[in-house]
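Take a look at the letters that make up each chain.
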Amino acid sequence: MASVSAALADLLARHVPTDDKEREDLARMRLFATSLKEPFSRSQVEAHFTGSAVVVDAAGGRVAMLHHAKLKRWFQPGGHAEAGDGGDMEATALREAREETGCRVHLHPTAPRPLDVDVHVIPARKDEPEHRHLDVRYLVVAEDPESLAHDPAESFGIQWLGWDEAMARADEAPLRRMLLKAREALKPA
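What counts, and where the lines are drawn
- Residues numbered from 1 in each chain as written.
- Predicted model: local features only at pLDDT ≥ 70, side-chain atom pairs only at ≥ 80, totals over all residues.
- Heavy atoms only, no water.
- Helix = DSSP H or I, 4+ residues; strand = E, 2+ residues; numbered from the N terminus.
- Buried < 20%, exposed > 50% of the residue type's maximum accessible area, 1.4 Å probe, protein only.
- Contact = heavy atoms within 4.5 Å.
- Expected span 1.5 Å × (residues − 1).
- Arc of directions from axis to C-beta.
- Polar contact = N/O pair within 3.5 Å; in protein donor to acceptor, adjacent residues only side chain to side chain.
- pLDDT = per-residue confidence, 0-100.
- Core = buried A, V, L, I, M, F, W, Y, C linked by side-chain atoms within 4.5 Å.
- Salt bridge = Lys/Arg side-chain N within 4 Å of Asp/Glu carboxyl O.

Mapped onto the elements of the fold, Phe-40 is located in the loop between α2 (20-35) and β1 (47-56). Relative accessible area serves as the criterion here: at 12%, Phe-40 is assigned to the buried category. Through-space distance from the C-alpha of Phe-40 to that of Gly-51 is 9.8 Å; in sequence the pair is eleven residues apart. Phe-40 has contacts with Val-4, Leu-8, His-48, Phe-49, Ala-81, Gly-87 and Met-89, leaving out every residue within four places of it along the chain.

Spanning 16 residues, α2 covers 23 Å between terminal C-alpha atoms, matching the ideal 22 Å at 1.5 Å per step. Along α2, the residues classified as buried are Glu-22, Asp-25, Leu-26, Met-29, Phe-32 and Ala-33. The arc that holds the buried residues of α2, viewed along the axis, is 125 degrees, so those residues lie on one side. For α2, exposure combined with an orientation more than 90 degrees from the buried face picks out Asp-20, Glu-24, Leu-31, Thr-34 and Ser-35. Where α2 begins, one side-chain oxygen reaches toward the backbone nitrogen of Lys-21, 3.3 Å away; that side chain belongs to Asp-19.

A residue-level look at the chain finds 99% of positions with pLDDT of 70 or above and a mean pLDDT of 94. Across the chain, strand β5 (residues 105-107) holds the top mean pLDDT of 98, while helix α1 (residues 2-14) sits lowest at 89.

Here the focus is the nonpolar core. Counting 33 residues, the largest nonpolar core has Phe-49, Val-55 and Val-140 as the members making the most contacts within it. The element that contributes the greatest number of residues to this core is strand β7 (residues 131-142), accounting for five residues. Leave out the neighbours within four places in its chain, and Val-140 touches Ala-53, Val-54, Val-55, Val-56, Leu-94, Ala-97, Val-105, His-106, Leu-107 and His-108. Listed in part, the 20 residues of the second largest apolar core include Val-54, Val-63, Ala-170 and Ala-185.

What follows covers the pattern of salt bridges. As enumerated under the stated definition, the model contains 27 salt bridges in all. Here Asp-116 makes a salt bridge to Lys-181, at a shortest N to O gap of 2.8 Å. Residue Asp-116 is found in strand β6 (residues 116-122), and its partner Lys-181 is found in helix α5 (residues 173-185); the two are separated by 65 residues along the sequence. Lys-181 shares its class with Asp-116; the two are buried. In this structure, Asp-164 and Arg-183 form a salt bridge, with 3.6 Å as the shortest nitrogen-oxygen distance. Placement of the pair is Asp-164 in helix α4 (residues 163-169) and Arg-183 in helix α5, with a sequence separation of 19 residues.

Take a look at the structure:
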């Protein structure tokens, strides 16, 4: 576990935040990376690391957003790390993107890795207390966008949206920041 925590700390050390919220979140995540006994386990009551992805089609003109079943809001695909991910946040983000979109996906070849980081509060529910998701976010390309499908256990639906519509559905500043970074990363050099 020490090597996994060291790899996570190294990943976070390389990330460059773009605003005050992301700077504060990154500092908190760096502390959690070295202080949590099991940083990827949902058994960590206060917080645990998650991975998510801005999924775009090959042309970069559309982004997949899902209507989250539990939180009843529009988000990018993402979720909890699993043992099979081996503590690799890229693996978590790719697996979650595949599971939640039904598409074959790969990391965008030139986007920063990670693209964005965010700490957000998950409200208490009957089976778990309020806690924080320490989300590490990547830009991912769908190889077969026509396969887009949602998992009814995870979301009410998923849609390909143009960037303006995706931004309109993004109801929080960190989500808009991440989408702006993704759109910028897709521009030709």
